Amino acid sequence: ETGVTQSPTHLIKTRGQQVTLRCSSQSGHNTVSWYQQALGQGPQFIFQYYREEENGRGNFPPRFSGLQFPNYSSELNVNALELDDSALYLCASSLIENEQFFGPGTRLTVL
Amino acid sequence: LAKTTQPISMDSYEGQEVNITCSHNNIATNDYITWYQQFPSQGPRFIIQGYKTKVTNEVASLFIPADRKSSTLSLPRVSLSDTAVYYCLTFGNEKLTFGTGTRLTIIP
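A brief look at the structure comes next. The numbering scheme is per chain: residues are counted from 1 as the chain's sequence reads. Here every chain gets a letter starting at A, and every ligand a number starting at 1, in the order they are written. Side-chain atom pairs in this predicted model are given and counted only at pLDDT of 80 or more, local residue features only at pLDDT of at least 70, and totals for whole chains, interfaces and linings cover all residues. For side-chain calculations, the full set of non-hydrogen atoms in the structure is used, while hydrogens and water are omitted.

### Quick look at the interface of chain A and chain B
Step number 1: Two residues qualify as a contact provided that any one of their heavy atoms is within 4.5 Å of a heavy atom in the partner residue. Between chain A and chain B, the residue contacts involve 22 residues of the former and 15 residues of the latter.
Step number 2: Together, the buried faces of chain A and chain B total about 1400 Å²; carbon and sulfur atoms form 55% of this surface.
Step number 3: Counting of polar contacts relies on pairs of N or O atoms within 3.5 Å, with two restrictions inside protein: one atom must be capable of donating a hydrogen and the other of accepting it, and residues adjacent in sequence are counted only when both atoms are side-chain atoms. Counting across the interface, chain A meets chain B through four residue pairs in polar contact (both at pLDDT 80 or more).
Step number 4: Secondary structure elements are defined from DSSP: runs of H or I of at least 4 residues count as helices, runs of E of at least 2 residues count as strands, and each element is numbered from the N terminus. Mapped by element, the contributors of at least two residues to the side of chain A that touches chain B are β4 (31-37), β5 (44-50), β6 (53-57) and β9 (87-94) of chain A. By buried area we mean how much accessible surface two parts lose on assembly, using a 1.4 Å probe and totalling the loss over both.

Encoded structure:
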C-alpha cells in the first residue's frame, strides 16, 4: 500500500459526458502526476501539479484539465468524453523529482 | 519524436538473473531514471531509482552508463512472483515518459 487513494474505482460514462476523478496524495507529498493507461499499453503522462500549479503537460487536449488543492489532493477532469478515453487513470504523488507512489487507479469506460 | 523503448517481452527460468534494458536518448540532464513493476489492474510499484553508474537495493540493481542514454534493470534470482510488466520512467522535454514496457514471464 502506497497511501495514495483514488476514487471512484470504476466508472461508466457515455460519449459527450464529463467526468471528475479524484486522488488523495501520500502524506507530505507536494506533487501529483496523472497518467492514462489504455489496455495493454504503458502509462501516458497527462500532467503534473506541484504546489497547486501545473508543472508539465503531456500530449493531451485541453479537455483534459486538473486541479491541485492546498492539501495536495488533486482532481482530473475530462470534458466531452470520447470512446478512446476508456482507460485506467493513474495518479502518483511524490516530493518533486523524487520517487512517485502510485494509486490503484480508476477504470473509466466510455460507451 | 524520441521514444523510450524496451524489449516487448522476456522469458526466464526461476532462480536466474534477468536484465532488462531501457533506451532513453531524450532524457533531461539532471533527471533520475526510475523503474517500476506493474501487475494487472494495479498501479505501478517502485523498484529502484538512479542517476548514474550503479545503484543497488534489496530487490534489484540499476546500471546506468556514462552517457545516460540507456539503463539496465537487473533482477537477481527471479521467482514466479516476479512475472509482471516492467517500465522505466524518465523526465525530458518537460514531460514524464514511461518506456514501452517489458512483459517478463518467469517459467517454473
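Let's pick the thread back up.
### Regarding the sheet that holds strand β3 (residues 19-24) of chain A
All names here are of chain A.
Step number 1: Two strands make a pair as long as DSSP finds a minimum of two bridges between them. Read from one edge to the other, the open sheet built from four strands follows the order β1-β3-β8-β7, with strand pairing classed as antiparallel. Taken across any chain shown, the strands that pair with only one partner, and hence form the sheet edges, are β1 (5-7) and β7 (64-68). For this sheet the average axis-to-axis angle between neighbouring strands, irrespective of direction, equals 20°.
Step number 2: Taken together, the five bridges between β3 and strand β8 (residues 74-78) define a ladder with antiparallel strand orientation. Note on method: axes are straight lines fitted to C-alpha atoms, helices fitted across the in-contact stretch only, with angles between N-to-C directions ranging 0 to 180 degrees.

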